[in-house]
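Listed below are the residues making up each chain.
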Amino acid sequence: SVTRSVQGMSIYGGKLFQLYHTGLCNVFDLESGNEEPIASFPLGSVSENNHANNCNFSNVFYKGNSIPLLYVVDGNSGDVMKCSVENITEKDGVYSSEKIQEINLDQSGFEAAGYMPYWGWPSWLASPDSEYIWLHGARFRTNGSMDAYYKDNRYIITKFRLPSPDKASVVLTADDVVDQFVTEYNVNFTQGGTVYGKYLFYTFGTGKENNPSAIRVWDLEKKALLGSVDVSEIKEELEDCCVVGDR
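Reading the values: rules and limits
- Residues numbered from 1 in each chain as written.
- Predicted model: local features only at pLDDT ≥ 70, side-chain atom pairs only at ≥ 80, totals over all residues.
- Heavy atoms only, no water.
- Helix = DSSP H or I, 4+ residues; strand = E, 2+ residues; numbered from the N terminus.
- Rg over C-alpha atoms; globule rule 2.2 N^0.38 Å.
- Buried < 20%, exposed > 50% of the residue type's maximum accessible area, 1.4 Å probe, protein only.
- Lys, Arg positive; Asp, Glu negative; His and termini not counted.
- Charge placed at Lys NZ, Arg CZ, Asp CG, Glu CD.
- Pairing = 2+ DSSP bridges.
- Axes fitted to C-alpha atoms, helices over the stretch in contact; angles between N-to-C directions.
- Polar contact = N/O pair within 3.5 Å; in protein donor to acceptor, adjacent residues only side chain to side chain.
- Contact = heavy atoms within 4.5 Å.
- Salt bridge = Lys/Arg side-chain N within 4 Å of Asp/Glu carboxyl O.
- Core = buried A, V, L, I, M, F, W, Y, C linked by side-chain atoms within 4.5 Å.
- Phe/Tyr/Trp six-rings, centres within 6.5 Å; stacked < 30°, edge-to-face > 60°.
- Lys NZ or Arg CZ within 6 Å of the ring centre and 35° of its normal.

Caption draft 1: Structural detail: the overall build of the protein. A count of helical and extended segments in the protein gives zero helices and 17 strands. A compact globule built from 247 residues would reach a C-alpha radius of gyration of about 18 Å, and the protein, at 17 Å, matches this within 12%. Referenced to the eigenvectors of the C-alpha coordinate spread, the extents of the protein come out at roughly 55 × 40 × 35 Å. A burial count over the protein gives 51% of its 247 residues as buried. Counting 20 positive and 33 negative side-chain charges, the protein places the centres of these two groups 4 Å from one another.

If you want it as structure tokens, here you go:
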């Protein structure tokens, strides 16, 4: 079992894959309801610099593997635009993972192309029912240190085609943008998120009185921030979220 700080999570095949700082992972069986993990393993991208802040399973099954590729937000704050793509395998209850690709963002040409650049460390959000990957972040830092620009801050959501996993290293630029939209900003402290159908769900806050836990929902087709989900009763950092069934 892993004991580092809880970070991103994603669900596939009735199993919850819970990541922890550095890129360690516990696997939980949701159907049994057992609170103890059934397996633990390190990601291929495991590192003290990997905060593993957010992760999402895709619809890509690498070389016939029965578990789809997992897209992990790598790095640990600042001007980091990295996503590590993990191929998780299981045999006789034993899990292991290999990093088969690294995706980076070069946004040096964003403004010239009419796109809004990110402050840094946005979240890469793959989807189990789409050929796209979304990048969610903000114009200015969201941890309160840049609140002088709060009224000018914006959420930014950029859409890319999911790169082929055959290349070990991919750099996405303004030329690769399929679409981008920008919405109003109304809550600090980005955490993690997930895409489900046409909706993007994202968590915020630290669980403290000055930064209560929060969820915001975007409609990716209408390119609009729909509203909020009140989860202020959660007094811990709401690190990530998943959709289970229709919930």
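Having seen it, we continue.
Caption draft 2: Summary view of the sheet that holds strand β2 (residues 15-20). The strand order across the open sheet built from four strands is β1-β2-β3-β4, with neighbouring strands paired in antiparallel fashion. Looking at strand neighbours, the two that pair on one side only are β1 (6-12) and β4 (39-42), the edges of this open sheet. If you compare each strand with its neighbour and ignore which way they point, the axes differ by 25° on average.

Caption draft 3: Quick peek at the side chain of serine 45. Mapped onto the elements of the fold, serine 45 is located in the loop between β4 and β5 (55-57). Reaching out from serine 45, the side chain makes a polar contact with the side chain of glutamate 86 at a distance of 2.7 Å. Here serine 45 is in contact with Thr22, Asn50, Asp74, Ser84, Glu86 and Lys99, once residues within four sequence places are set aside.

Caption draft 4: Local environment of the sheet that holds strand β9 (residues 123-126). Across the sheet, four strands lie side by side as β9-β10-β11-β13; this open sheet has antiparallel pairing. Each of the sheet's edge strands pairs with one partner strand only, and the pair in question is β9 and β13 (177-184). Strand after strand, the sheet turns through a mean of 20° between neighbouring axes, direction not considered.

Caption draft 5: Region of the structure containing the pattern of salt bridges. All chains considered together, the criterion is met by six salt bridges. Here glutamate 102 and lysine 99 are joined by a salt bridge, their closest N and O atoms 2.7 Å apart. The closest approach of N and O atoms between arginine 161 and glutamate 131, which form a salt bridge, is 2.8 Å. You can see arginine 161 sitting in strand β11 (residues 154-161) and its partner glutamate 131 sitting in the loop between β9 and β10 (132-138), a full 30 residues away along the chain.

Caption draft 6: The nonpolar core, seen in detail. Tyr71, Ile103, Leu105, Trp124 and Phe160 are the most contacted members of the largest nonpolar core, which totals 25 residues. Breaking this core down by element, the ones donating at least two residues are β6 (70-73), β7 (82-91), β8 (94-105), β9, β10, β11 and β12 (169-172). Broken down by element, this core gets its largest block of residues, three residues, from β8. Excluding residues within four positions of it along the chain, leucine 105 makes contact with Met81, Phe110, Tyr118, Trp124, Leu135, Phe160 and Leu172. Trp134, Ile157, Val195 and Trp218 belong to the second largest nonpolar core, which has 17 residues in total.

Caption draft 7: Focus on the environment of tyrosine 149. Mapping tyrosine 149 onto the fold places it in the loop between β10 and β11. Once the C-alpha coordinates of tyrosine 149 and arginine 139 are considered, the two residues, ten residues apart in sequence, prove to be 9.5 Å apart.

Caption draft 8: Highlighting the packing of aromatic side chains. Counting across every chain of the model gives 16 aromatic pairs. Plain terms: the ring middles of phenylalanine 17 and phenylalanine 57 are 5.1 Å apart, the flat faces sit at 75° to each other, and that makes the pair edge-to-face. Here the residue phenylalanine 17 occupies a position in strand β2, and phenylalanine 57 occupies one in strand β5, the gap between them amounting to 40 residues. Judged by relative accessible area, which is 2%, phenylalanine 17 ranks as buried. Pairing tyrosine 199 with phenylalanine 201 gives two aromatic rings, centres 6.4 Å apart and planes at 55°, and the pair type is tilted. Judged by its relative accessible area of 23%, phenylalanine 201 is partly exposed. Members of the aromatic cluster, connected to one another through ring pairs, are Tyr12, Phe17, Phe41, Phe57, Phe61 and Tyr95. The ring of tyrosine 132 is capped by lysine 159, whose NZ or CZ atom sits 4.0 Å from the centre of that ring.

Caption draft 9: Highlighting the environment of valine 94. Mapped onto the secondary structure, valine 94 falls in strand β8. Separated by 47 residues in the primary sequence, valine 94 and arginine 141 place their C-alpha atoms 40 Å from one another.

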